[in-house]
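An overview of the molecular structure
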Amino acid sequence: MKRTTLSLIACATALAAVTGFAMVSAPDTSGAATATPAARLPVERTSLLCPAPSTSDLAETAYTSFTPVTEGAEEKGSAGLTTAEPGGAAEDGGDGGDGGKSEGKDDKGDKGDEKEKPVLEPEKPGEPVAGKTSGSEAPALIGTAEGSHAPGWTVQQSTEVAAGTGRGLQGVNCAAPDTEFWFPGASTSSGRTDYVHLTNPDDSAAVVDIELYGKDGALKSTVGEGVTVPPHASEALLLSTLSDVEETDLTVHVGVRSGRVGAAVQALDDKTGGDWLTAAADPAGELVLPGIPKDATAVRLVLFTPEGTDADLKVRLASPSGPITPAGHETVHVKAGMTTGVDLGEVTRGEAGSLVLTPTGQSVPVVAAVRVVRGKGGEQESAFVPASDPVGARATAADNRAKRTTLSLVAPGKDAKVKVTASAGTEGGTTATKTYTVKGGTTQDVDAPVPAGLKGTYALTVETVSGGPVHASRTLTGSDEDVASFTVQTLPDDRGTVSVPRADEDLSVLQR
């Protein structure tokens, strides 16, 4: 089939080594500095990394970029994406490295001084922009936003694969680089093909260790030690090549010795399609896994504790009417250093639901995710919901589509009030806003606002107004209504602002 290659923005300078910062200066005084309450200021620069979407020639990938309007942000700014490969963040303008013919170049591939047409070119905050690519050679992307485009910048990568391993809808929020990631829910079992994708945004090589933990503990492997990811490059490693042990439930730990990377696991199943498994929230004693689809036909909870002490957790389903204890799964015991998998079946039983895990006694840090299956027989599709941090001040999900988007809100403790704003559409429409109250201990699949006169796709921004913490996720279903294809993205705080203490002295750069 004909493949439309991806053309990208060329960068004039290398990416910064920080994901976001704010700088404040005050006049120098001879007296002692007087500390005052910290202010929250918008970040001035941020980075996002998108993994290579698919190896299938039948893949169709959509990218959607959106930055919410942030009070106090700079008036001007920019956002751009480059290919992730050696030289991909090209200091010389680069060719995008897409291995094929891109718009903006002649058939001879002569770049000259001509710049490529960007796949995404945001004009201003508050207005989403979308781009598409096709086929198996779409690259991983490295993105940078500055000024007005930086606070809360969100990029969604959504891929539809018509047939074959990993068929269905695969979605992932492009993520900021970091130095440690946990992925409970991976597998090396027969029928699964899982890859860990690593992307390095910086000018120097990153060195990464990949550790695998199964039901009996750590799997022996030297292949995952000291993996080098070249500058501005992306690597995809097949998990089954790191260990010859077949494990139904596997926890992948990515630790960075030097540098920083973006990481995500692509889990492809012969029978139930595939999706992206994004990093779970950092190990904690209490966890929330928000927004399990109400029509889930199978839910498997996977847990791991990196501590040297076993963990015992209460399992509760936050339903629309309140907390429910799943029959036969009141508690779960997690052995130290070993991955535990629990089949919860059709735990939501046709209603909105989120899992809330709390310690029965001593609090031991745990990571967790659920693998969710929708549909039956040959029309099954799968996706993942990792434990997620709260929405906090604000969180955004891009690439929402009319009648195909479900927004789930859960308040695990106290009642909470949230404001949800639908942006304009990528091709037209006006913003719309609704406010919701979520009762403590419940999950609500809300009737989210849709832009008036919507054309194209749009973004949903969730802001906490008052009350206790709120966790959220967005479920997006595929374009084929006869197939249960779907993907779920959690909505943690977008970290669009940083806390900056005020003092009568010069302040150094603060990293968020």
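The rules behind each value
- Residues numbered from 1 in each chain as written.
- Predicted model: local features only at pLDDT ≥ 70, side-chain atom pairs only at ≥ 80, totals over all residues.
- Heavy atoms only, no water.
- 1 Å grid on protein atoms, 1.4 Å probe; cavity = no way out; pocket = protein on both sides within 12 Å on 5 of 7 lines; lining within 4 Å.
- Points joined across faces, edges and corners; volume = space filled by probe spheres on them.
- Helix = DSSP H or I, 4+ residues; strand = E, 2+ residues; numbered from the N terminus.
- Nonpolar A, V, L, I, M, F, W, Y, C, P; charged D, E, K, R; others polar.
- Disulfide = S-S within 2.5 Å.
- Buried < 20%, exposed > 50% of the residue type's maximum accessible area, 1.4 Å probe, protein only.
- Salt bridge = Lys/Arg side-chain N within 4 Å of Asp/Glu carboxyl O.
- Pairing = 2+ DSSP bridges.
- Patch = residues over 30% accessible without salt bridge, like charges linked within 9 Å, V, L, I, M, F, W, Y side chains within 5 Å.
- Areas by Shrake-Rupley, 256 points an atom, 1.4 Å probe, with all protein chains shown as cover.
- Lys, Arg positive; Asp, Glu negative; His and termini not counted.
- Charge placed at Lys NZ, Arg CZ, Asp CG, Glu CD.
- Axes fitted to C-alpha atoms, helices over the stretch in contact; angles between N-to-C directions.
- Polar contact = N/O pair within 3.5 Å; in protein donor to acceptor, adjacent residues only side chain to side chain.

**Brief notes about the layout of surface pockets**
- In this structure, the largest pocket occupies an estimated 1,100 Å³ of space.
- In this structure, the largest pocket is lined by 48 residues; those nearest its centre are Ala175, Ala176, Ala279, Pro492 and Arg495.
- No other element matches strand β3 (residues 45–50), which puts 4 residues into the lining of the largest pocket.
- Considering only residue class, the lining of the largest pocket consists of 27 nonpolar, 13 polar and 8 charged.
- Roughly 420 Å³ of internal volume is contained in the second largest pocket.
- Looking at the second largest pocket, it is lined by 19 residues, and the ones nearest its centre are Pro68, Val69, Thr70, Arg394 and Glu463.
- Among the elements that line the lining of the second largest pocket, the one with the most residues is strand β30 (residues 416–422), at 3 residues.
- Looking at the lining of the second largest pocket, its residues break down into 5 nonpolar, 8 polar and 6 charged.

**Observations regarding the state of the cysteines**
- According to the stated counting rule, one finds 1 disulfide in the structure shown.
- Cys50 shares a disulfide with Cys174; S-S distance 2.0 Å. Residues Cys50 and Cys174 share a disulfide whose torsion about the S-S bond is about 110°; that sign makes it right-handed. Taken together, the residues Cys50 in strand β3 and Cys174 in the loop between β9 (168–173) and β10 (180–186) connect sequence positions 124 residues apart. Here Cys50 matches Cys174 in class, with each residue buried.

**Points about the pattern of salt bridges**
- Here the structure, examined in full by the defined rule, presents 15 salt bridges.
- One salt bridge connects Glu127 with Lys124, and the closest N-O pair in it is separated by 3.6 Å.
- For Glu127, a relative accessible area of 34% translates into the label partly exposed.
- A relative accessible area of 46% means that Lys124 is categorised as partly exposed.
- Note that Arg394 and Asp494 form a salt bridge whose closest N and O atoms lie 2.6 Å from each other. Of this pair, Arg394 sits in strand β28 (residues 394–400) while Asp494 sits in the loop between β37 (486–490) and β38 (497–502), placing them 100 residues apart in sequence. Each member of the pair, Arg394 together with Asp494, is buried.

**Thoughts on the pairing of strand β24 (residues 340–345)**
- The alternating pattern of β24 places Thr340, Val342 and Leu344 on a buried face and Gly341, Asp343 and Gly345 on a face that is not buried.
- Here strand β20 (residues 296–304) pairs with β24 via 5 bridges, running antiparallel. Residue pairing across strands places Val302 opposite Gly341, the latter belonging to β24.

**Here we look at a negative patch on the surface**
- On the surface, a cluster of negative charge is made up of Asp178, Glu180, Asp282 and Asp389.
- The class for Asp389 is partly exposed, based on a relative accessible area of 43%.

**Some details on the sheet that holds β37**
- The antiparallel open sheet is built from 4 strands, whose spatial order is β33-β29-β36-β37. Looking at which strands have only one partner, the edges of the open sheet turn out to be β33 (442–446) and β37. The mean inter-strand angle of the sheet, taken between neighbouring strand axes irrespective of direction, is 20°.

**So, the environment of Asp209**
- Among the secondary structure elements, Asp209 is positioned in strand β12 (residues 206–214).
- The sequence separation of Asp209 and Gly255 amounts to 46 residues, and the corresponding C-alpha distance is 5.2 Å.
- At 2.8 Å, the side chain of Asp209 and the side chain of Arg257 are in polar contact.

**Thoughts on the pairing of strand β19 (residues 287–292)**
- Counted residue by residue, β19 has 6 buried out of 6 residues, so it is predominantly covered.
- Looking at chain direction, β19 and strand β25 (residues 353–359) are connected through 4 bridges and run antiparallel. Across the sheet, residue Ile292 finds its bridge partner in β25, namely Gly353.

**Describing the sheet that holds strand β7 (residues 141–147)**
- The 3 strands lie next to each other as β3-β7-β5, forming an open sheet whose pairing is antiparallel. Both edges of this open sheet fall to β3 and β5 (77–83), since each of them pairs with a single strand only. For this sheet, the mean angle separating the axes of adjacent strands, direction not counted, is 15°.
- Two strands pair when backbone bridges link them, and β3 and β7 are joined in this way by 6 bridges, in the antiparallel orientation. Across the sheet, residue Ser47 finds its bridge partner in β7, namely Thr144.

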